[in-house]
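Structure assessment
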Amino acid sequence: MSSLSVPFIRQALLANPRTIPPPGPERPLACVALVLAGTPQQPAVCFIRRAMRPGDPWSGHMAFPGGRADPGDASAQAVAEREAAEEVGLRLEPRQLIAPLTEMPVRAGGREMRMQLAAFVYGLDGAPPALTPQTEEVAQALWVPLEHVFDPASRMRYRFERGGAVLDFPALGIDGHIVWGLTYRVLAELGERVGRPLPLNEELSP
């Protein structure tokens, strides 16, 4: 059984389950859905490319469907499911949840944002469904084979200049897109849990 098959991922995540407390006024939270679909042995994962928006520190980045919790949200999982429906038309059901990953701090420009990110892994039966991006927030949505994501050939470095300094981050080159930062860290968490670790550079990762 492949370490990137849905049965293996389910087994690995449930062997050491995580609990995500609900969001609240003193607990700012962003929630994303890492959605797998296709054959159980060769699933694909849903990515989005965020629309270019002034003031958005993640403008144009590759990401998973998701967004910030509202004060009245009952659970982090409900936020991930709502945002997946709103952003790409994925109607996730609680029964499709495999497990949450470990919460991680949200950073932008290398600075802590006083916010946590909760990622929830879902497994859908059948072929990957059509995606309908909400164009105000999502420029593109696509399914990518999970084996492609974790293929060593996809690994790269993402370098850019900020404040006169050249910053260097671990990244993935996927279908002409660069996956780095917070989304890369979510994938690194999944990879660590299933025995497919990705290189990390935590002191710089946004």
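Let me sum up the structure you'll find in this document. Since this is a predicted model, take the numbers as computed values, not measurements. (Residues numbered from 1 in each chain as written. Predicted model: local features only at pLDDT ≥ 70, side-chain atom pairs only at ≥ 80, totals over all residues. Heavy atoms only, no water.)

When its secondary structure is counted, the chain shows four helices and 11 strands. By principal-axis analysis of the C-alpha atoms, the chain measures approximately 50 × 45 × 35 Å. Among the 206 residues that make up the chain, the fraction classed as buried is 53%. For the chain, the proportion of contacts with a sequence separation of at least 24, taken over those separated by at least 6, is 65%. Carbon and sulfur atoms make up 53% of the accessible area of the chain, which amounts to about 9,600 Å² in all. Counting 20 positive and 23 negative side-chain charges, the chain places the centres of these two groups 3 Å from one another. (Helix = DSSP H or I, 4+ residues; strand = E, 2+ residues; numbered from the N terminus. Buried < 20%, exposed > 50% of the residue type's maximum accessible area, 1.4 Å probe, protein only. Contact = heavy atoms within 4.5 Å. Areas by Shrake-Rupley, 256 points an atom, 1.4 Å probe, with all protein chains shown as cover. Lys, Arg positive; Asp, Glu negative; His and termini not counted. Charge placed at Lys NZ, Arg CZ, Asp CG, Glu CD.)

The next thing to look at is the sheet that holds strand 11 (residues 177–179). Note: strands within a sheet are paired through backbone hydrogen bonds, in either parallel or antiparallel orientation. Read from one edge of the open sheet, three strands run 9-10-11, paired in antiparallel fashion. Strands with a single pairing partner mark the edges of an open sheet, and in this sheet they are strand 9 (155–162) and strand 11. Going from strand to strand, the sheet's axes swing by 50 degrees on average, the running direction of each strand aside. In this sheet, strand 10 (residues 165–174) lies alongside strand 9 in antiparallel orientation, the contact comprising eight bridges. Paired with Arg-162 across the two strands is Ala-165, which belongs to strand 10. (Pairing = 2+ DSSP bridges. Axes fitted to C-alpha atoms, helices over the stretch in contact; angles between N-to-C directions.)

All right, on to the pattern of salt bridges then. For the coordinates displayed, the defined rule picks out nine salt bridges. Note that Glu-103 and Arg-27 form a salt bridge whose closest N and O atoms lie 2.4 Å from each other. One end of the pair, Glu-103, is in the loop between strand 5 (97–100) and strand 6 (104–108); the other, Arg-27, is in the loop between helix 1 (6–15) and strand 1 (29–39), and 76 residues separate them in sequence. Asp-73 is the partner of Arg-82 in a salt bridge, and the nearest nitrogen-oxygen pair spans 2.5 Å. (Salt bridge = Lys/Arg side-chain N within 4 Å of Asp/Glu carboxyl O.)

Even without glycine at this site, Asp-175 takes up a positive phi of about 50 degrees. One can find Asp-175 in the loop between strand 10 and strand 11.

Attention now moves to the side chain of Glu-189. For Glu-189, the position within the fold is in helix 4 (residues 181–194). Filtering out sequence-adjacent residues up to four positions away, Glu-189 remains in contact with Arg-18, Leu-101, Thr-102 and Met-104.

Before going further, it helps to spend a moment on the packing of aromatic side chains. A full pass over the atoms with the stated rule returns six aromatic pairs. In textbook terms, an aromatic cluster arises when at least three aromatic residues are bridged by ring pairs, as seen for Tyr-158, Phe-160, Phe-169 and Trp-180. (Phe/Tyr/Trp six-rings, centres within 6.5 Å; stacked < 30°, edge-to-face > 60°.)

In terms of nonpolar packing, the biggest core is built from 38 residues, with Leu-34, Phe-47, Val-149 and Leu-187 touching the most fellow members. When residues in this core are grouped by element, the largest group, seven residues, is from helix 4. Excluding residues that lie within four positions of it along the chain, Leu-34 makes contacts with Val-45, Phe-64, Leu-101, Phe-120, Val-121, Tyr-122, Val-186, Leu-187 and Leu-190. Core analysis: the next-biggest nonpolar cluster, separate from the first, contains 27 residues, Ala-37, Leu-90, Leu-97 and Leu-124 among them. (Core = buried A, V, L, I, M, F, W, Y, C linked by side-chain atoms within 4.5 Å.)

Right, let's talk about helix 2 (residues 76–88) for a bit. Structurally, the α-helix is built with 3.6 residues per turn, so residues lying three or four positions apart point the same way. Compared with the 18 Å implied by 1.5 Å per residue over 13 residues, the 18 Å span of helix 2 between its first and last C-alpha is a close match. Within the sequence span of helix 2, burial applies to Ala-76, Val-79, Ala-80, Glu-81, Glu-83, Ala-84, Ala-85, Glu-87 and Val-88. Backbone geometry just after helix 2 places Gly-89 at a positive phi near 75 degrees. (Expected span 1.5 Å × (residues − 1).)

The quantities given are spatial measurements derived from coordinates; they are silent on function.
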